[in-house]
Structure formats: C-alpha cells, structure tokens
Amino acid sequence: MARQSRPHPAAHRIDYLILPLTTRCNLRCRYCYHGTPATHRDMDRAAMDQAFALAASGTGPLHIQLTGGEPCLVPHLIEAAGERARRLSRPWTMAMQTNGTCLDRKIVDLIGRFHLQVGVSLDGSPWMQESLRGQATETLRGLMLLEAQKIPFRVTTVVCGRNADQLDRLAWLLAAFRQARGLGLDLLVMKGHAGAHAESPGFAESGALIRGVEALVRALTAINRQRETPLRLREWDLVRRMLALPGRQSARTFCRAGAGTSLAVHPDGRCFPCGQTLADERFELPAAETAAVLPLLSPSLAALRHDCGACPLMERCPGDCPSRLLFNPAPARFLACDLYRTLARACIEEQTAPRQPVPRPADAFARRETCHP
C-alpha cells in the first residue's frame, strides 16, 4: 500500500479530534489493531497542546474522542483534556472509549465533571468477551458501576468469525442494563494482531454474519417492546436514514476521515487522519499539512462491487470505513454489504408488517431520561 498522494492541499476544518491518551492497555485482545508497541507512551503536554491548538483553529461544533490503549489508566490525562477543552472558544462534546475494566469512582467523577459520553468495548456474552479480550468479569463490574451511577453508555463490538453468529446474546446481555443505550458493529480490520497468529480471530463468514444480524434484529425488537428508551443499533439507524432518502443520491462520505475533517494525534505528537491509521507511517500527515487535513482516500464500497442492482440500497449505499476498505482484502470488504442488505430487508419488513400494540410493563421497567447523543 503506497503512501497517499496529496497533490492539492485544501483547508478543512477539524470537527472530530481523536486523542489516544496512552498506548498502554491492560488487556491483550486477540485482534488488537495496535499490535505490540516497542515502547509504551502516555500523551505529553506538548502533544495535547498541539492537538487542541489545531482544533481551535476550526469553527462550529467539535467532538473530542478519548481513546488509547486504555484511557482509564491515565485519569490525569482525561482531566487535562477536559480542562483544555473548556478553554476552547467553539462548542464541543467529549466521549471516551474504554474496555470498562478500570472504571472506578474517580473516573465516574471525571465523567460527570466533563459530561463525557461513554463507549464500552464489548464483544458479546461474558464467555465471548473473555475469549476475545479477557477480564470479562472486570468489564461487567464496570458496566454495573455505570448502571449504579446512572451513567448512560453505548457498546462497540468488533465483529469477527468467532462472534458473528452470536450477536443476539450481546443484545440480551445489554437488556439487563437500564443505562445501556445501544450498540455499534465494527467489522474486523486486518491490521496489528488481527490474522498475525493462529489464535487471532478471522473475518466473519458471510452466512454466519447474515444469520447473526437477523437474530440480533429479532432480539432487539423483542427487547425494545419492554423498554421506553430503546436499545439502538447504530447501523440499523443508518440504513433507515438511507432508505428514507428520496431518489438517487450522490456518492456519500462515510465518515469524517473521508471528508477530511478528522484528526488523530498520537501521544508522541504525530498526526494521522483517523484512529484506524494511527501510527501507520504510510498515512502520517507531514507537519506542514496538519493544519489542513485532507480526506482519507479509498475506493467506495459501491465502486468495488458490480452486482448492486438487486440491493434495496442501490444508489443510496451507506458506504464503509475508508481504512477498512484499504486494509481488508476482497471478499472481506463486502461483509459490509451483507450487514447493510440484511438490515435493509429488516427495515422493509418492519414497514410492511401490520402495526401491533406495544405492551408496557406495569412497573415502567425502563423509565429513565431521554438520551441525547
């Protein structure tokens, strides 16, 4: 894969800032995208100041994503990022992606002080989580702490060959948490430890993914009949929006990296288009260009396929992560098509099915505040 050609720099505002606060992590995920760094590093003040200086030059709302490694290993840097964000002259929101194992009262206080949105990396049932990431008991303890403190959270799941046909089990697990707001499915990217050794999980098989998504849709439908605040499936909501669009649509930019409005700053200060490309020198942004971030270039999902005629999303394709399309070989690139087509069929069935009254439990099982993502 050659370094991206950037012949025509153009100014783009930064509206999505990714801050990996540390390369350290207390888990050893079997598909870890970062691999095993030669040395571990926490973000120093100069790198953080540089990141916020670049973000401050933009206008309009800014979203700041705190990641790692595991950001909860460095609570002082979570606090530093929050305090630095408060000095911005533009509106901002901040979120943290965590494996949940290190959540404690100190982290909870920081979540409340800076109004952090919380995402938890969870790949399925406790058994599946233990198999793929480890320390499942500690992750569940973290979820229970969020539940007890009434902190809403969402889950991100890496979908691979081991869990693709068991996604409904994750939904039933989340149904036990009133503060769970939904989940997103990230198809495996072949980088880092993914595919590097015999214990690495491979890509999902097409049929297993389709069956798993169908079971997940059925589970969410049943669960949400008993909840006033539903468990949302990010990709299902995306497909619904695309199907609702009128007529033929022009090519869609899947994410902010594809639009050239995101920036990921490594703890050592190097800059990259997104978290997936972090530390990959092929995508490193030269210092002179960091103030004018350019789109992450990749072929579109629709351009790679030649059999879209029967797809319900033809000419309204949601597209896929540019880095996933760059890193993954065919036919794994087209697993996104299996995901979207399955959800599109569910949307069509949902629209044509006769509406039935939705029973509500007498004790208002899931009554709580409305989530505003």
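To keep things clear, this report deals only with the structure shown in the data block. This structure is a prediction, so every number in the text was calculated from the model and none was measured. (Residues numbered from 1 in each chain as written. Predicted model: local features only at pLDDT ≥ 70, side-chain atom pairs only at ≥ 80, totals over all residues. Heavy atoms only, no water.)

A few points about the overall build of the protein
If you tally the helices and strands in the protein, you get 12 helices and 9 strands. In the protein, buried positions account for 52% of the 373 residues. Considering only contacts within the protein whose residues lie at least 6 apart along the sequence, 78% involve residues at least 24 apart. Total accessible area on the protein stands at roughly 17300 Å², and carbon and sulfur atoms take up 54% of it. (Helix = DSSP H or I, 4+ residues; strand = E, 2+ residues; numbered from the N terminus. Buried < 20%, exposed > 50% of the residue type's maximum accessible area, 1.4 Å probe, protein only. Contact = heavy atoms within 4.5 Å. Areas by Shrake-Rupley, 256 points an atom, 1.4 Å probe, with all protein chains shown as cover.)

Comments concerning the packing of aromatic side chains
If you walk through the whole model with that rule in mind, you get 3 aromatic pairs. Each ring, one from Tyr 31 and one from Tyr 33, has its centre 6.0 Å from the other, and the planes form 50°; the classification is tilted. Residue Tyr 33 is classed as buried on the basis of its relative accessible area, which comes to 18%. A cation sits over an aromatic face here: Arg 240 above Trp 236, 4.3 Å from the ring centre. Its end group placed over the ring of Phe 334, Arg 305 keeps NZ or CZ at 4.8 Å from the ring centre. (Phe/Tyr/Trp six-rings, centres within 6.5 Å; stacked < 30°, edge-to-face > 60°. Lys NZ or Arg CZ within 6 Å of the ring centre and 35° of its normal.)

A look at the pairing of strand E2 (residues 62-67)
Of all 6 residues in E2, 6 are buried, a share of seventy percent or more. By the alternation rule, side chains of E2 split into Leu 62, Ile 64 and Leu 66 and His 63, Gln 65 and Thr 67, which are all buried. As paired elements, strand E1 (residues 16-20) and E2 share 5 bridges and run parallel to each other. Each bridged residue has a counterpart across the sheet, and for Leu 17 the counterpart in E2 is Ile 64. By the bridge criterion, 5 bridges tie E2 to strand E3 (residues 92-98) in an arrangement that is parallel. Across the sheet, Leu 62 pairs through a bridge with Trp 92, a residue of E3. (Pairing = 2+ DSSP bridges.)

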